Amino acid sequence: MPLWHDYHTPATVEEAIQTLARYDGEARIIAGGTDLLIDLQHTMQGRHTLAALVDVTAISEMTQIEEQDDLIYVGAGVTHTGIVDSPLIEQKATCLVESCGVVGGPQVRNVGTLGGNVAHALPAGDGTTSLTALNAEAEVAWHTGQREWLPLLQLFKGPGLSAVDSTRDVLIRFRFKASQQQEGTAFKRIMRPQGVALPVLGCAVWVKLNDSGDTYADAHICIGPVASIPARASEAEQALIGQPTTETTLDAVSHTARETLHPRTSKYRSTAAYRDYMIETLLRQALPLAVERARTGVAQAEGVGMG
Ligand SMILES: Cc1cc2nc3c(=O)[nH]c(=O)nc-3n(C[C@H](O)[C@H](O)[C@H](O)COP(=O)(O)OP(=O)(O)OC[C@H]3O[C@@H](n4cnc5c(N)ncnc54)[C@H](O)[C@@H]3O)c2cc1C
């Protein structure tokens, strides 16, 4: 049994919405296909043939990376490799390069997209973890004809459940603040060597230091997966703000993060106890790196290609 019948490659978001509407829920968006084709082959075990796939990777509005008024815009159809190769993102949102740079292997990164990572709606998605720490917003074209910017986290409704119905709606692009002076980001993760497709645990941080660079003025932290949807570690963030960038603060924030985040055991990836332990390990790697980047203004992504 074929997995799909028709294949469309619309040139605009509007054309994609109209094409999906014609199939009335029986067609689905495909980007890189790295998640979708596995879902179609294994989860559905070939029992259901989609009427059509609507490929969004030729929509130019969805494949751009640009900076406007201190905001960086990244199309949902930009591949992980496209993000890794962007000097703009490496300098001004380093954590996103570090997370996209460890997704799968080169073949997966060359076709897998940031939009697919988010639309798949898993709380462990590496790109998702960094977008959360960057406090990103997402632009969605709803099947009603409306376009809307909304906070990224509003898209997540449960594991694998997105507010964007990929049989009708299109996730167009993301935007987030470019790092300014005294700001820095970093991403670290733990992955099993023979990785199933998602990390044991990932951690992305964004920090803003005071003018003298010795105190946390603001912080965003995302550690995942620790719940059914991605979330900011708000208690840990509060434990940083106004505190000096010292070991004592690192001890305190690690303690708060472990007290307030409650990862669960997953059959294929890790016990809850191991993940709990790794919260501290990841924070101790990511936070000082983000602080150093904020102080020096030098942001060279680490670990890219080491996934
Ligand atoms: C071997 C392997 C290793 C992997 N390793 C990792 C890893 O280390 N870390 C990680 O996070 N992920 C990993 N993944 C998962 C996957 O590669 C990523 O999540 C990737 O970003 C998915 O993007 P895609 O373009 O391939 O999505 P697709 O498979 O094309 O789509 C995924 C879902 O999103 C929907 N969709 C896609 N784009 C849009 C859009 N613009 N608007 C609305 N709906 C949309 C599709 O309909 C589908 O439901 C791995 C996958 C494989 C096969």
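This one's a predicted model, so the numbers in the text were calculated from it and none came from an experiment.

Q: Teacher, can you tell me more about the environment of Pro10 here?
A: Structurally, the position occupied by Pro10 is in the loop between β1 (4-8) and α1 (13-23). Along the backbone, Pro10 and Thr129 are 119 residues apart, and their C-alpha atoms lie at a distance of 29 Å. Residues within four places of Pro10 in sequence aside, it is in contact with Glu15, Ala16, Thr19, Val54 and Ile59.

Q: Is there a simple way to think about unusual backbone geometry in this case?
A: When glycine is set aside, most residues are seen to have a negative phi, and most peptide bonds are trans. Between Gly224 and the following residue, Pro225, the backbone shows a cis peptide bond with an omega angle of 5°. Structurally, the position occupied by Pro225 is in the loop between β13 (216-224) and α9 (234-240). Even without glycine at this site, Ala121 takes up a positive phi of about 65°. Mapped onto the elements of the fold, Ala121 is located in the loop between α7 (114-119) and α8 (126-133). For Ala121, a count of 22 C-beta atoms within 10 Å gives the class buried. Even without glycine at this site, Gln182 takes up a positive phi of about 70°. Structurally, Gln182 is set in the loop between β10 (170-177) and β11 (183-190).

Q: Help me understand the domain arrangement of the protein chain in this model?
A: Many authors give the size of an interface as the accessible area that is lost as the parts come together. On domain assignment, one finds that the protein chain holds domain 1 (4-55), domain 2 (60-177) and domain 3 (183-294). The straight-line distance from the C-alpha centre of domain 2 to that of domain 3 is 20 Å. Between domain 2 and domain 3, the contact holds 22 residues from the first and 23 residues from the second. Per-element accounting of the side of domain 2 that touches domain 3 gives the leading share, six residues, to α8. Residues of the side of domain 2 that touches domain 3, tallied by class, amount to 11 nonpolar, nine polar and two charged.

Q: Looking at this structure, I do not really get the site of the ligand. What am I missing?
A: Taken together, 31 residues form the shell around the ligand, and within it Ala31, Gly32, Gly104, Gly116 and Asn117 come nearest. Mapped onto the shell around the ligand, the elements with two or more residues apiece are β2 (27-30), α2 (36-43), α7 and β10. Of all the elements, α7 adds the most residues to the shell around the ligand, at four residues. By residue class, the composition of the shell around the ligand is 15 nonpolar, 13 polar and three charged.

Q: In this structure, what is going on with the pairing of strand β3 (residues 50-55)? I would like to understand it.
A: Of the strand pairs in this sheet, β1 and β3 are connected by four bridges, and their pairing is parallel. Bridge pairing links Trp4 to Leu50 in β3. Where β2 and β3 come together, four bridges link them in parallel fashion. Among the inter-strand pairings, Arg28 is bridged to a residue of β3, identified as Leu53.

Q: I tried to follow the sheet that holds β11 on my own but got confused; where do I start?
A: By definition, the strands of a sheet pair up through backbone hydrogen bonds, in either a parallel or an antiparallel sense. Taken in spatial order, the three strands of this open sheet run β11-β12-β13, and their pairing is antiparallel. With partners counted over all chains shown, the strands left at the sheet margins are β11 and β13, one partner each. Each strand of the sheet is rotated relative to its neighbour by a mean of 10°, with strand direction disregarded. The strands touched by α8 within the sheet are β11, β12 (201-209) and β13, with β12 carrying the most contacts at an inclination of about 20°.

Q: Sorry, what's going on with the packing of helix α10 (residues 247-260) against helix α11 (residues 272-296) here?
A: Between two packed helices, the angle of one axis relative to the other and the distance separating the axes together describe the packing. Between α10 and α11, whose axes approach to 9 Å, the crossing angle comes to 145°. Note that α10 runs across α11; the crossing there is right-handed. For the pair formed by α10 and α11, the contact residues are Leu250, Val253, Ser254, Ala257 and Arg258 on the first element and Asp276, Ile279, Glu280, Leu283, Arg284 and Leu287 on the second. Here the residues of the contact of α10 with α11 are counted per class, giving six nonpolar, one polar and four charged.

Procedures and definitions
Residues numbered from 1 in each chain as written. Predicted model: local features only at pLDDT ≥ 70, side-chain atom pairs only at ≥ 80, totals over all residues. Helix = DSSP H or I, 4+ residues; strand = E, 2+ residues; numbered from the N terminus. Contact = placed C-beta atoms within 7 Å. Buried ≥ 20, exposed ≤ 12 C-beta atoms within 10 Å, placed from the backbone. Domains from an automatic or database assignment. Nonpolar A, V, L, I, M, F, W, Y, C, P; charged D, E, K, R; others polar. Near = placed C-beta within 6 Å. Pairing = 2+ DSSP bridges. Axes fitted to C-alpha atoms, helices over the stretch in contact; angles between N-to-C directions. Left-handed = near helix turned anticlockwise from the far one by under 90°.

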